[in-house]
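This is what each chain is made of:
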Amino acid sequence: PTSAQVSAVPQPGRFRYTLDNDVLTTEQRQFYEDNGYLLIKKLVSDEDIERFRKEFVRICKREVNPPGAMIMKDESLRSQYGQSEKVVNKVQDFQEDKELFRYCTLPEVLRYVECFTGPNIMAMHTMLINKLPDSDQQTFLHPMHQDLHYFPFRPAARIVCSWTAMERADQDNGCLFVQPGTHKQPLKPHGYPQWEGKTNKLFHGLLNEDEKSPKVHLVMEKGDTVFFHPLLFHGSGINKTSGFRKSISCHFASSECYYIDVKNTSQEHLEKELVEMVRKKYNATSVELRDIWNFRARLVQGERINL
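The shown structure was predicted, so the numbers you read here are calculated from the model rather than taken from an experiment.

## Regarding the state of the cysteines
A covalent bond bridging the sulfur atoms of two cysteines is what the word disulfide describes.
1) Next: Across all of its chains, the model carries zero disulfides by this definition.
2) Next: We note that Cys 161 lacks a disulfide partner, and the nearest cysteine sulfur, in Cys 250, lies 7.6 Å from it.
3) Next: On the basis of relative accessible area, Cys 161 is assigned to the buried category, the value being 2%.
4) Next: Of all cysteine sulfurs in the structure, the one in Cys 104 sits closest to Cys 250, which takes part in no disulfide; the separation is 3.6 Å.

Next comes the structure, spelled out in C-alpha cells:
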C-alpha cells in the first residue's frame, strides 16, 4: 500500500508521463516530463543495500543458486579469480531470490513507482550490476540505448525503471549518463555497436547515435535512486577505478499494459536472439517472447490485469 492516490488514466494536457498523486511536487513532475528522469536522494537505506550486497556475494560464491537467474561473468578472469565477485558483472532475473527481490517490494520505492505506473504494479525485469574495473578492454561499457527496445509491452509511459546506486557512482567508476528529453522520441533501431571484440551479449546500442548530443552524467551517492522512462537515451561508461561499481534495478510496469507482437518491427531480431538463448539454456523447443516475460513478471502491488 502507498500513500499515493493515483489515477491510471493518462492525463490530458500538461502531464503526459506522470499521474496525479500526492508524492511528487509539481516541480518534480515537470522535471520528469521535460527530461525523462528524476533522481531521489538517499531513498534506499544503507542497511538494505548491505543486505543486497551480501546476497550478491553469496550468489557469486554459489552458496545460493536462484532458479532462472542469469549470472553473467567475464570468462577471461575466471582462471585468475574462480567463483567470486571479481568475475561476475551482472545477476539478471533475480525474481526467485527472496533477498534481492525485496528491492522490488520496498514501500519507499513503490511509493514513487506508482506515480508513473498507477496502483497496479508488475516488477518485469530485475538486475544487479557489478561493474568490474575495466580501463583497457572497455568490455563493460554499455552503449547508448533505449530500454523499450527490450520490452514487448506498451504503453511506454506506464513503464519506469528504478535504479539505485549501491555505492557512489561517478564518471571514474562508470556512472549512468542520459540525454535529457530523448524520452519524447520514438523507439529507434538498435544493434551491436561496431567495437572490435568489445561487445557483450544483448548489449545493444542505438545504431545512429549522435555522438555530439549533450549527455548528463548522473553522479549518485549510496542509496540515491533514479527513476527513468524506457525511451530515454542512456548508457554507462567504463570503470577506471580498482573497485566495483554496484547498482540494483527493476523495471516496473502497470499491470494494465499489454503485450505487442514485435514481428516486422525493429525489435524482431532481439526476439530471435533472446528466444534462441533461452531455448539453448533450458533445452526447450517451443519458447515465445511472451513466455519469457511471463516467467520474469511478478505482481508487487494491486491486481494483475494484462501482464
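That covers the picture; the talk isn't over yet.
## Regarding the confidence of the model for the chain
Interpretation of this model should avoid reading the predicted coordinates in detail wherever pLDDT is low.
1) Next: Confidence in the prediction for the chain averages 87 pLDDT; 87% of positions are at 70 or higher.
2) Next: Segment residues 1–11: pLDDT under 50, and 35 contacts once partners within four positions in sequence are set aside and those in other chains are kept.

## Describing empty space enclosed by the protein
1) Next: Applying the stated criterion across every chain, the model contains one cavity of 30 Å³ or more.
2) Next: Roughly 490 Å³ of volume is contained in the largest cavity.
3) Next: What lines the largest cavity is a set of 32 residues, among which Lys 90, Met 127, Ile 129, His 142 and His 145 lie closest to the centre.
4) Next: Element by element, the count of residues in the lining of the largest cavity is highest for strand E4 (residues 121–131), at five residues.
5) Next: Here the lining of the largest cavity is composed, by residue class, of 15 nonpolar, 11 polar and six charged.

## Re helix H7 (residues 289–296)
1) Next: Buried within H7 are the following residues: Leu 289, Ile 292, Trp 293 and Arg 296. Angularly, the buried residues of H7 cover 95° about the axis, an arc narrow enough to put them on a single face.
2) Next: Residues of H7 that are buried in the fold lie against strand E3 (88–92), E4, strand E6 (153–154), strand E15 (258–259), helix H6 (268–282) and strand E16 (298–301).

## Examining unusual backbone geometry
1) Next: A cis amide bond, omega 5°, links Arg 154 with the succeeding residue Pro 155.
2) Next: With a phi angle near 45°, Lys 42 is a residue other than glycine that sits in the positive phi range.
3) Next: Positionally, Lys 42 belongs in the loop between strand E1 (37–40) and helix H2 (46–60).
4) Next: Even without being glycine, Asp 93 reaches a positive phi, approximately 60°.
5) Next: With respect to the helices and strands, Asp 93 occurs in the loop between E3 and helix H4 (98–101).

## Points about the sheet that holds strand E5 (residues 142–145)
1) Next: The strand order E5-E13-E8-E11 describes an open sheet built from four strands, whose pairing is antiparallel. Every interior strand has two partners, whereas the edge strands, E5 and strand E11 (216–217), have only one.

## Some remarks on the pairing of strand E14 (residues 245–254)
Every other side chain in a regular strand lies on the same face of the sheet, so the side chains alternate between the two faces.
1) Next: For E14, the tally of buried residues reaches 10 of 10 residues, placing the bulk of the element in the interior.
2) Next: Every second residue of E14 is oriented toward a common face, with Arg 245, Ser 247, Ser 249, His 251 and Ala 253 on one face and Lys 246, Ile 248, Cys 250, Phe 252 and Ser 254 on the other, all of them buried.
3) Next: Across 10 bridges, the pairing between E4 and E14 is antiparallel. Its bridge partner being in E14, Asn 130 is matched across the sheet by Lys 246.
4) Next: As judged from the seven bridges shared by strand E7 (residues 159–165) and E14, these two strands associate in the antiparallel manner. Along E14, the bridge assignment pairs Ser 162 with Cys 250.

## Considerations on the pattern of salt bridges
1) Next: Applying the stated criterion across every chain yields a total of 16 salt bridges.
2) Next: With its nearest N and O atoms 3.1 Å apart, the salt bridge here joins Glu 99 to Arg 102.
3) Next: On the accessibility criterion, Arg 102 (21% relative accessible area) is partly exposed.
4) Next: In this structure, Glu 221 engages Arg 168 in a salt bridge whose closest nitrogen and oxygen atoms are separated by 2.4 Å. Of this pair, Glu 221 sits in the loop between E11 and strand E12 (225–228) while Arg 168 sits in the loop between E7 and strand E8 (176–178), placing them 53 residues apart in sequence.
5) Next: Of the residues examined, Glu 221 reaches a relative accessible area of 35% and is grouped as partly exposed.
6) Next: A relative accessible area of 38% places Arg 168 in the partly exposed class.
7) Next: The network of salt bridges with shared partners includes Asp 48, Arg 51, Glu 99 and Arg 102.

About the criteria used
- Residues numbered from 1 in each chain as written.
- Predicted model: local features only at pLDDT ≥ 70, side-chain atom pairs only at ≥ 80, totals over all residues.
- Heavy atoms only, no water.
- Disulfide = S-S within 2.5 Å.
- Buried < 20%, exposed > 50% of the residue type's maximum accessible area, 1.4 Å probe, protein only.
- pLDDT = per-residue confidence, 0-100.
- Contact = heavy atoms within 4.5 Å.
- 1 Å grid on protein atoms, 1.4 Å probe; cavity = no way out; pocket = protein on both sides within 12 Å on 5 of 7 lines; lining within 4 Å.
- Points joined across faces, edges and corners; volume = space filled by probe spheres on them.
- Helix = DSSP H or I, 4+ residues; strand = E, 2+ residues; numbered from the N terminus.
- Nonpolar A, V, L, I, M, F, W, Y, C, P; charged D, E, K, R; others polar.
- Arc of directions from axis to C-beta.
- Pairing = 2+ DSSP bridges.
- Salt bridge = Lys/Arg side-chain N within 4 Å of Asp/Glu carboxyl O.

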